[in-house]
Amino acid sequence: MAGIKITEGAVAAGEESILSPAQRGDQSFLSKCDRLLGHLVEYPVAVLVVAEVVILFAGIVARYVLHRPLIWSDELASILFLWLAMLGAVVAFRRGEHMRMTALVGMMNPARRAFFDVVAVVGALAFLLLIIYPAYDYAHEETYITTPALEIANAWRAAALPVGAALMIVSSLIKLFQVSNLRNVFTAVVLIGTIALVLWLLGPCLKTLGNLNLLIFFVGIVAALVLSGVPIAFSFGLATFGYLSLTTSVPMLVVVGRMDEGMSHLILLAVPLFVFLGVLIEMTGMARAMVQFLASLLGHVRGGLSYVLIGAMYLVSGISGAKAADMAAVAPVLFPEMKARGAKPGELVALLSATGAQTETVPPSLVLITIGSVTGVSIAALFTGGLLPGVVLAIMLCFVVRHRYRNEDLSHVTKATGSQIGRAFLIALPALALPFIIRAAVVEGVATATEVSTIGIVYAVLAGLLIYRQFDWKRLKPMLVDTASLSGAILLIIGAATAMAWALTQSGFSRDLAAVMSALPGGPITFLAVSIVAFIILGSVLEGIPAIVLFGPLLFPIAQQVGVHEVHYAMVVILAMGIGLFAPPFGVGYYAACAIGRVNPDEGMRPIWGYLAALVIGTILVAAIPWISTGFL
């Protein structure tokens, strides 16, 4: 799921993890080195986020207001973007914030958990050591290419790849040297090394197996790595590197090139910018104003605050695009009052998680942006098509809320007066206007889908400073670094998944998959049904963006072959993926919702199934009625 940070879900409260950065009170040499690395990387990434906002907003002003376009703005933004992605990945690596599957590791005792944390670092280190020289070689090759507008060597941009890999190697070595149990380190290194040696020795045999290698590397090895807690990006990278190096004659330079291609789509620059916008609307009080207005309208009816939660997530998703930011903006405002009215914590977190899945198609969802970048579908069409499916699923959730809260006691709740509602509306109006400003700017051609986020950022800053008078300058640097960290984790996955998808395509797998899916009886109905089931599973196991990047380029052409509109198909697979992402026991989005709501995951396990059933019914409706997705295109 876009926007969800999975940190040490496998680590029990109170335990220290190798994946976490050194504690401030620790004055050992290695801890000082770790903090120095943090300072060396965090300040530049904060500056890079600000620079991207300034460059893109200046491009809008120059083109639309001054009618003198800056021909170099996109090129400079692209160069800085790759540096932001790689240095952001370094920050995420140092903090232990790369997305990883911890469901199975979390069930283990603390000793085994600690060992698999070491395995996660060693596995990532193995990939980084394998990729560092090809990354350097790739950057060197780019010295012969000159950028058209700035007329500088493209190596200035490509150098971000080896530099980022080198810094992550340094961070991983610091982490391993800090481990008190050296036996764990030795065992993990021997384990990873033995597997690599066995595969290398079997190389001649593997070349004779043909496409059976796809099962070995992209099912067996990926599953083993992901389930053992190795971050998803590095799991994809190891499998791809192993497959290409041991079963083909493709130079490893190509892997780096495909990763660069996947991470460098300028449209993906919207990822860090919308993540930052999501944090801004929470910090400036805009999210609170919207929630309080909705509460004044519906707070007096049975289940009213649950309806407010559903509506607030829809509105906030129309500004942000990062689900973690959306949930973090809404939950702290509503949960205390909902608990005061007698709502159980498990019920609250179940609904919060369900609304995370429900709003995955609401623009400017990061998943929509990712689909547009990897499949070529119009971002504007996806933004338009994503509005109504979110409403349909919201209605389905409202039916469940109405049933569950039909006997709620509201004797102590006072209905808001007309003047109170009017005052709340006036306070919320600047915040309520932002989603419409964002959409209008795209539709009217004022800004591209990438640039429009900067309009939202400038608007939010001005609203926070001049209207809401709520802008904590001390939080700005941590917000910028958090934005870079989450974006780096997402973008590294996109890069690794792009390389993996390319390897699958070159193997002929895409042709075989197209033949099988096209031959399914029932035509588009069966194809959509199979896709829903497949993406629910993929969303649960692989997270949202990796699943989309990996299978989107393979399945979207097939959808067109069987007669399914590309925007309609995008909505169906996003909703299905969202259900898997927020469904326990494997969906990492569910655990993120629990962390934000400060609720034990066990408490929400039972109540969430009713909401998930409603989401499945809503997804089937969206699949069965294409007009819901395409009626306003």
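Residues numbered from 1 in each chain as written. Predicted model: local features only at pLDDT ≥ 70, side-chain atom pairs only at ≥ 80, totals over all residues. Heavy atoms only, no water.

Novice: What's the story with the overall build of the chain in this structure? I'm lost.
Specialist: Secondary structure summary: the chain contains 29 helices and zero strands in total. Relative to the 2.2 N^0.38 estimate, which gives 26 Å for 633 residues, the radius of gyration of the chain is 24 Å and therefore close to what a compact globule would have. Along the first, second and third principal axes, the C-alpha atoms of the chain reach 75 × 55 × 55 Å. The proportion of buried residues among the 633 residues of the chain is 59%. (Helix = DSSP H or I, 4+ residues; strand = E, 2+ residues; numbered from the N terminus. Rg over C-alpha atoms; globule rule 2.2 N^0.38 Å. Buried < 20%, exposed > 50% of the residue type's maximum accessible area, 1.4 Å probe, protein only.)

Novice: Help me understand the pattern of salt bridges, please; the structure alone is not making it clear to me.
Specialist: Oppositely charged side chains may form a pair once their charged atoms are brought near each other. Counted according to the given criterion, the structure contains 11 salt bridges. A salt bridge links Arg-94 to Glu-42, with the shortest nitrogen-to-oxygen separation between them at 3.4 Å. With Arg-94 in helix 2 (residues 73–95) and Glu-42 in helix 1 (residues 29–65), the pair connects residues that are 52 residues apart, well separated along the chain. Its salt-bridge partner being Arg-63, residue Glu-451 comes within 2.7 Å of it at the nearest N-O pair. A residue pair is termed long-range when its members are at least 10 positions apart, and Glu-451 in the loop between helix 19 (418–443) and helix 20 (452–467) and Arg-63 in helix 1 qualify at 388 residues. A residue is classified by how much of its surface remains accessible, and Glu-451, at 4% relative accessible area, is buried. Judged by relative accessible area, Arg-63 falls into the partly exposed class, the value being 31%. A single salt-bridge network, built from bridges that share partners, covers Asp-34, Glu-42, Arg-94, Arg-95, Glu-97, Lys-477 and Asp-482. (Salt bridge = Lys/Arg side-chain N within 4 Å of Asp/Glu carboxyl O.)

Novice: How should the packing of helix 3 (residues 110–141) against helix 5 (residues 160–177) be read in this particular structure?
Specialist: A pair of packed helices is captured by two measures, namely the crossing angle of their axes and the spacing between those axes. For the pair helix 3 and helix 5, the least separation of the axes is 8 Å and the interaxial angle reads 155°. Taken together, the axis directions place helix 3 and helix 5 in an arrangement best described as roughly antiparallel. In terms of crossing hand, the pair formed by helix 3 and helix 5 is left-handed. For the pair helix 3 and helix 5, contact is made by Val-118, Val-121, Val-122, Leu-125, Leu-128, Leu-129, Ile-131, Ile-132, Ala-135, Tyr-136, Tyr-138 and Ala-139 and by Leu-161, Pro-162, Ala-165, Ala-166, Met-168, Ile-169, Ser-172, Leu-173, Lys-175 and Leu-176, respectively. By residue class, the composition of the contact of helix 3 with helix 5 is 20 nonpolar, one polar and one charged. (Axes fitted to C-alpha atoms, helices over the stretch in contact; angles between N-to-C directions. Parallel < 35°, antiparallel > 145°, perpendicular 65-115°, else oblique. Left-handed = near helix turned anticlockwise from the far one by under 90°. Contact = heavy atoms within 4.5 Å. Nonpolar A, V, L, I, M, F, W, Y, C, P; charged D, E, K, R; others polar.)

Novice: Please clarify how the side chain of Thr-619 should be interpreted in this entry.
Specialist: Tracing the sequence through the fold places Thr-619 in helix 28 (residues 608–624). Apart from residues lying up to four places away in sequence, Thr-619 is in contact with Leu-393, Ile-532, Val-572, Leu-575, Ala-576 and Ile-579.

Novice: Just checking my understanding: could you explain helix 8 (residues 212–227) for this structure?
Specialist: Residues spaced three or four apart along an α-helix point in a common direction, a consequence of the helix completing one turn every 3.6 residues. Between the first and last C-alpha of helix 8 there are 21 Å, a value that for 16 residues agrees with the 22 Å anticipated at 1.5 Å per step. Asn-213, Leu-214, Phe-217, Phe-218, Ile-221, Val-222, Leu-225 and Val-226 are the residues of helix 8 that are buried. Just downstream of helix 8, Gly-229 is the residue with a positive phi angle, here 95°. (Expected span 1.5 Å × (residues − 1).)

Novice: Help me out: how do you make sense of the nonpolar core in this one?
Specialist: What tends to happen in soluble globular proteins is that the nonpolar side chains get buried as a cluster. Counting 224 residues, the largest nonpolar core has Phe-218, Phe-234, Phe-535, Tyr-569 and Tyr-611 as its most contacted members. In terms of residue count, the dominant contributor to this core is helix 21 (residues 476–506) (18 residues). In this view, Tyr-611 contacts Glu-347, Ala-350, Leu-351, Ala-354, Leu-397, Val-400, Val-401, Arg-404 and Tyr-405; residues no more than four positions away in its chain are not counted. (Core = buried A, V, L, I, M, F, W, Y, C linked by side-chain atoms within 4.5 Å.)

Novice: Got a minute to help me understand the environment of Ile-455 in this structure?
Specialist: Position of Ile-455 among the secondary structure elements: in helix 20. For Ile-455 and Asn-154, which are 301 residues apart along the polypeptide, the C-alpha to C-alpha distance reads 29 Å. The contact partners of Ile-455, leaving out residues within four places of it in the chain, are Phe-57, Ile-60, Ile-437, Ala-441, Val-446 and Ala-447.

Novice: Please explain the environment of Gly-311 as it appears in this structure.
Specialist: Relative to the helices and strands, Gly-311 resides in helix 13 (residues 304–317). Look at Gly-311 and you get partly exposed, because its relative accessible area is 26%.

Novice: Mind showing me how you'd approach a nonpolar patch on the surface here?
Specialist: A cluster of nonpolar side chains, Leu-462, Leu-465, Leu-466, Ile-467 and Trp-473, forms an exposed patch at the surface whose accessible area comes to about 530 Å². For Leu-465, a relative accessible area of 33% translates into the label partly exposed. (Patch = residues over 30% accessible without salt bridge, like charges linked within 9 Å, V, L, I, M, F, W, Y side chains within 5 Å. Areas by Shrake-Rupley, 256 points an atom, 1.4 Å probe, with all protein chains shown as cover.)

Novice: Could you clarify how one ought to interpret the confidence of the model for the chain in this entry?
Specialist: Atom-level detail of predicted coordinates should not be read off regions where pLDDT is low. Across the chain, pLDDT averages 84, with 94% of residues at or above 70. Taken together, the stretch residues 1–16 has pLDDT below 50 and engages in 61 contacts with residues farther than four places along the chain or on a different chain. (pLDDT = per-residue confidence, 0-100.)

Novice: Explain the packing of helix 13 against helix 18 (residues 387–404) to me, please; I cannot follow it from the model alone.
Specialist: Running from N to C, helix 13 and helix 18 point in directions that differ by 165°, and their axes come no closer than 10 Å. Judged by the inter-axis angle, helix 13 sits roughly antiparallel to helix 18. Here the hand of the crossing between helix 13 and helix 18 comes out right-handed. Touching Ser-306, Tyr-307, Ile-310 and Tyr-314 of helix 13 are Leu-387, Gly-390, Val-391, Ala-394, Leu-397, Cys-398, Val-401 and Arg-402, all from helix 18. A per-class count over the contact of helix 13 with helix 18 returns nine nonpolar, two polar and one charged.

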